[in-house]
Amino acid sequence: MNGYTIQLLIPFASFISFMMVFLSIPTILRVAHSKNLFDEPNRRSVHRMRIPTLGGLAVFIGFLFTYSLFVDWFKFIEIPFLIPALLIIFGIGIKDDILVTAPMVKLAGQLISVLIVVGLGGLQITDFHGFFGLHPDPFWGTVLTIVGMVFIINGFNLIDGIDGLAAITGIITMISFSVWYFVNEEYHIPTLAAALVGGLLAFAYYNIFSKRQKIFMGDTGSLVLGFLVAVVAVHFSEFNRPDNQYKLLHTMNSAPAVAIAILIVPIVDTMRVFMLRVAKGNSPFMADKNHIHHRMLALGLTHLQISLIIGAVNIAFVIIAFLLRNWGMLKLSIFVLSLGFTVAYVPSIVLAYKRRHFIRRLRSIKKVR
């Protein structure tokens, strides 16, 4: 099969995944309503209605079918043990959406899934791309990969707090990674991404725009999405390591830093809320309303406006990182993270200003009276 045919099949794979998810969600909604499988509103919820939470089931089915089918056509070596690991992360997610799972059980399931692709599949970081001249030995490379992947998985789980945000972030992230593989005429990751992006687009329609058939991604969707993104991020770093660059049409010297920029939304938001919780003496895993999207909701923005603004910022970071891809691992990492935290605090700064302005107006009114 020639390259041109493969390039045509990639959007077709996305279309197949889109149709599978688009057509399966109405059936899943009927099951959810008949079995009373809803997300019940609570003090942390930004919704006031009972909404089904099994959208991730449709995304998982669409991805698994499409990826398995089209990768065989392309005759590429699959990422070892990806499907078994994905089945475990799916099982943990679907159990939590239906019965509720203890946090430590969810974490254990994530670790097992990651250990399968890292320990058995050999997917791990083996080069720091010139970061302080360090080169990780196999043990510390494995530890770093496991910690990083679990962090990314939970990052996507945490940003799934408003309509469209996790889906839009996932779409931008997977397309961004895929573009680099595509220009280097490597089509396995673009195939994987197409199978996922197509499903996310179909899910986004119901999640964002549908009034009568609204559905949430649930932990099933956010965990599966986070796991696949984590796998691709590690693969991206290894694909661009220095000793492999002679095989590539286009190269970069700071691949891990570029990956950080692509994943800037879940990385910065997770680090930010963890630091705020610890600073207040709370557990970093204690749920609250300090996420960036909560700050933006307090400013009066809608779910769609927030998701589009954050998505636009994400795209800007991707463009900057690709333009500066040879800037150096350390410099680009510091620049991306510094800029990311600066942008992340803008909603809080604006909100604090509006509150001070409101208080001053209130005091002036009282004086007049």
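Anyway, here's the lowdown on the structure attached to this text. (Residues numbered from 1 in each chain as written. Predicted model: local features only at pLDDT ≥ 70, side-chain atom pairs only at ≥ 80, totals over all residues. Heavy atoms only, no water.)

## A short note on the overall build of the chain
Here comes step 1: Helix and strand content of the chain: 14 helices and two strands.
Here comes step 2: For the chain, whose C-alpha radius of gyration is 21 Å, the value lies close to the compact-globule estimate of 21 Å for 369 residues.
Here comes step 3: With the principal axes as the frame, the chain shows a C-alpha extent of 80 × 55 × 40 Å.
Here comes step 4: Per-residue burial for the chain yields a buried fraction of 51% across its 369 residues.
Here comes step 5: For the chain, contacts bridging at least 24 residues in sequence account for 74% of all contacts bridging at least 6.
Here comes step 6: Accessible surface, the chain as shown: approximately 17,400 Å² in total, 69% of it carbon and sulfur. (Helix = DSSP H or I, 4+ residues; strand = E, 2+ residues; numbered from the N terminus. Rg over C-alpha atoms; globule rule 2.2 N^0.38 Å. Buried < 20%, exposed > 50% of the residue type's maximum accessible area, 1.4 Å probe, protein only. Contact = heavy atoms within 4.5 Å. Areas by Shrake-Rupley, 256 points an atom, 1.4 Å probe, with all protein chains shown as cover.)

## Examining the environment of Ile 153
Here comes step 1: You can see Ile 153 is positioned in helix α5 (residues 138-159).
Here comes step 2: The buried category is assigned to Ile 153, whose relative accessible area is 0%.
Here comes step 3: Separated by 51 residues in sequence, Ile 153 and Ala 102 place their C-alpha atoms 16 Å apart.

## So, the nonpolar core
Here comes step 1: Ranked by size, the top nonpolar core spans 100 residues in total, and within it Met 149, Phe 227 and Phe 236 carry the most contacts.
Here comes step 2: Top element by residues in this core is helix α8 (residues 218-239). It accounts for 13 residues.
Here comes step 3: Counting seven residues, the second largest nonpolar core, distinct from the first, contains Ile 6, Leu 9, Ala 13 and Phe 70. (Core = buried A, V, L, I, M, F, W, Y, C linked by side-chain atoms within 4.5 Å.)

## Brief notes about the environment of Val 224
Here comes step 1: With respect to the helices and strands, the residue Val 224 is situated in helix α8.
Here comes step 2: A relative accessible area of 2% places Val 224 in the buried class.
Here comes step 3: Between the alpha carbons of Val 224 and Leu 87 there is a distance of 9.0 Å; along the sequence they are 137 residues apart.
Here comes step 4: When sequence neighbours within four positions are dropped, the list of residues in contact with Val 224 reads Phe 60, Leu 86, Ile 89, Phe 90 and Asp 219.

## Details of the packing of aromatic side chains
Here comes step 1: As enumerated under the stated definition, the model contains 15 aromatic pairs in all.
Here comes step 2: Residues Trp 327 and Phe 335 carry aromatic rings whose centres are separated by 5.6 Å and whose planes lie at 85° to one another, so their mutual orientation is edge-to-face.
Here comes step 3: Residue Trp 327 is classed as partly exposed on the basis of its relative accessible area, which comes to 37%.
Here comes step 4: The partly exposed category is assigned to Phe 335, whose relative accessible area is 32%.
Here comes step 5: Three or more aromatic residues joined by ring pairs form one cluster here, namely Phe 18, Phe 22, Tyr 205 and Tyr 206. (Phe/Tyr/Trp six-rings, centres within 6.5 Å; stacked < 30°, edge-to-face > 60°.)

## Examining helix α6 (residues 165-183)
Here comes step 1: End to end, α6 covers 27 Å across 19 residues, agreeing with the expected 27 Å (1.5 Å per residue, within 8%).
Here comes step 2: Of all 19 residues making up α6, 15 are buried, and the element is well covered by its neighbours.
Here comes step 3: Taken from the residues just after α6, Glu 185 is the one with a positive phi, measuring 60°. (Expected span 1.5 Å × (residues − 1).)

## What about the packing of helix α9 (residues 255-262) against helix α12 (residues 303-323)?
Here comes step 1: Contact geometry of α9 with α12 gives a least axis separation of 8 Å together with a crossing angle of 165°. Relative to α12, the element α9 is oriented roughly antiparallel. Once α9 is placed against α12, the crossing between them reads as right-handed. When α9 is examined against α12, the residues Val 258, Ala 261 and Ile 262 are found in contact with a partner set consisting of Asn 314, Phe 317, Val 318, Ala 321 and Phe 322.
Here comes step 2: Across the contact of α9 with α12, the residue classes break down as seven nonpolar, one polar and no charged. (Axes fitted to C-alpha atoms, helices over the stretch in contact; angles between N-to-C directions. Parallel < 35°, antiparallel > 145°, perpendicular 65-115°, else oblique. Left-handed = near helix turned anticlockwise from the far one by under 90°. Nonpolar A, V, L, I, M, F, W, Y, C, P; charged D, E, K, R; others polar.)

## Focus: the pattern of salt bridges
Here comes step 1: For the coordinates displayed, the defined rule picks out five salt bridges.
Here comes step 2: One connected set of salt bridges, linked through shared partners, spans Asp 96, Lys 106 and Asp 219. (Salt bridge = Lys/Arg side-chain N within 4 Å of Asp/Glu carboxyl O.)

## Re unusual backbone geometry
Here comes step 1: Within the chain, Phe 81 stands out as a residue other than glycine whose phi angle is a positive 65°.
Here comes step 2: Non-glycine residue Val 100 carries a positive phi angle of around 75°.
Here comes step 3: Positionally, Val 100 belongs in the loop between α3 (82-98) and α4 (103-120).
Here comes step 4: A relative accessible area of 64% means that Val 100 is categorised as exposed.

## Re the side chain of Thr 145
Here comes step 1: Looking at where Thr 145 falls in the secondary structure, it is placed in helix α5.
Here comes step 2: Taking the relative accessible area as the measure of exposure, Thr 145 reaches 1% and is therefore buried.
Here comes step 3: Setting aside residues no more than four positions away along its own chain, Thr 145 makes contact with Val 118, Leu 123, Gln 124, Ile 125 and Val 234.

## Here's the deal with the side chain of Lys 214
Here comes step 1: Among the secondary structure elements, Lys 214 is positioned in the loop between α7 (188-209) and α8.
Here comes step 2: Of note is the side chain of Lys 214, whose polar atom sits 2.5 Å from the backbone oxygen of Asn 207. (Polar contact = N/O pair within 3.5 Å; in protein donor to acceptor, adjacent residues only side chain to side chain.)

## Here we look at the environment of Asn 290
Here comes step 1: The topology assignment puts Asn 290 in the loop between α10 (264-279) and α11 (292-298).
Here comes step 2: Remark: the alpha-carbon pair of Asn 290 and Leu 165, spanning 125 residues in sequence, is separated by 16 Å.
Here comes step 3: Beyond its immediate sequence surroundings of up to four residues, Asn 290 is in contact with Arg 272, Val 273, Leu 276 and Lys 280.

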